[in-house]
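Summary of structural features
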Amino acid sequence: MRIAFWGVRGYVPTPGADYLRYGGNTCCIALHGTNGELLALDSGTGFCQFGDHLMRGDFGQGRGQLTLLISHTYWDHILGLPFPGVVHVPGNQLRIYGPDSTRGSLEMVYDGILSPVYSPVYGLAHIGATHNFVPITTEPVQVGSLTIRAMPLSQRLNSPIWAYRIEEGERALVYITDVRYSNDIIWRKAVGFAKHANLLIHSAPYTRQEHVQDYGHSRVEDAIELALESKVERLYLFHHAPTRTDAQLDQLLVHYGAELNAHGHTLILDAAREGVQVEV
Ligand SMILES: [Zn+2]
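One structure accompanies this document, and this report is about it. Remember, it's a predicted structure, so these values are computed and weren't measured experimentally. (Residues numbered from 1 in each chain as written. Predicted model: local features only at pLDDT ≥ 70, side-chain atom pairs only at ≥ 80, totals over all residues.)

Observations regarding the nonpolar core
Core analysis: the largest hydrophobic core is formed by 77 residues, its most contacted members being Ile 29, Ala 40, Leu 173 and Val 174. Look past the residues within four positions of Leu 173 in its chain and what remains in contact with it is Met 1, Ile 3, Leu 31, Ile 166, Ala 197, Asn 198, Leu 199 and Val 280. (Core = buried A, V, L, I, M, F, W, Y, C linked by C-beta atoms within 7 Å. Buried ≥ 20, exposed ≤ 12 C-beta atoms within 10 Å, placed from the backbone. Contact = placed C-beta atoms within 7 Å.)

What follows is the structure in structure tokens.
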């Protein structure tokens, strides 16, 4: 399987000359299975360009099928869905997995962001593509040769956060974002979930030295420690802070890469960048 990063920024979209190389769109990652399966992790603003890209193929003809996996419903993970043409072409099929919350179902949340107060789409009923919302559970979901596993990693009832693990044969990708490891139970769950993954994508907007309002996020060091303890092959830092420039991300990789080398770790450390594709 292969992934493509379409949006790697957290919190809010971040345009500007200092952010061009890593990109300013919020969270969206495409996953292409070996047999043509198509998944996307989250539908932040990166979903707009991803969706437009899909229009060149089957989706432009109303013959596309996409499975969306939503981690949680904060703006930076959902806002791109209504905009690209791909969701407005009749015949296209969207199956959207994600958590319901005490404030309402996933479908209600998406319908809410399309209300006339916020958008000219006027609600999900006006989207042309067939769309089905499915509450995510810990039961595995099969899409072709891909096995999708999901795990709740937050007790935040008004917007629960789920992590995803996608497996194809012996290969595994794990996606964990927006999680705070506030106790050992959550940490142990995450370590077990990411165990021996070939690739881990983990939010890492700030380092432990930075005293900022992080809105409940784990830090760069948490992501690295989790990858090491889970014996992951490769870690992509993700959900970059809006204030994090390209040059600063380069420096982070050099600094933490040198630390890993100094301690003899073989973990490959990288930072997610829009437009980059990776074989898992
Ligand atoms: Zn986020």
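So, the pairing of strand E11 (residues 199-203)
Counting buried residues in E11 gives five out of five residues, a clear majority hidden from the surface. Every second residue of E11 is oriented toward a common face, with Leu 199, Ile 201 and Ser 203 on one face and Leu 200 and His 202 on the other, all of them buried. Across four bridges, the pairing between strand E10 (residues 171-176) and E11 is parallel. Paired with Val 174 across the bridge in E11 is Leu 200. A crossover connection joins E10 to the parallel E11 through helix H4 (residues 184-194); in handedness this β-α-β unit is right-handed. The pairing of E11 with strand E12 (residues 234-238) spans five bridges and is classified as parallel. Bridging from a neighbouring strand, Leu 200 pairs with Leu 235 of E12. In the classification by handedness, the crossover that spans E11, the intervening helix H5 (residues 220-229) and the parallel E12 is right-handed. (Helix = DSSP H or I, 4+ residues; strand = E, 2+ residues; numbered from the N terminus. Pairing = 2+ DSSP bridges. Right-handed = clockwise from strand over helix to strand, strands pointing away.)

Here we look at the sheet that holds strand E13 (residues 268-271)
Here we have seven strands laid out as an open sheet, ordered E7-E8-E9-E10-E11-E12-E13, and mixed in their pairing. Where the open sheet ends on each side, the last strands, each with one partner, are strand E7 (141-143) and E13. Recorded for the sheet is a direction-independent mean angle of 20 degrees between the axes of neighbouring strands. Taken together, the three bridges between E7 and strand E8 (residues 146-152) define a ladder with antiparallel strand orientation. Counted as the bridge partner of Val 143 is Leu 146 from E8. H5 rests against E11 and E12 of the sheet, and its axis sits at about 160 degrees to E12. (Axes fitted to C-alpha atoms, helices over the stretch in contact; angles between N-to-C directions.)

Re the environment of Leu 226
Structurally, Leu 226 can be placed in helix H5. The class for Leu 226 is buried, based on 23 C-beta atoms found within 10 Å. The spacing of Leu 226 and Thr 67 is 159 residues in sequence and 27 Å in space, taken between C-alpha atoms.

Geometry only, nothing functional implied.
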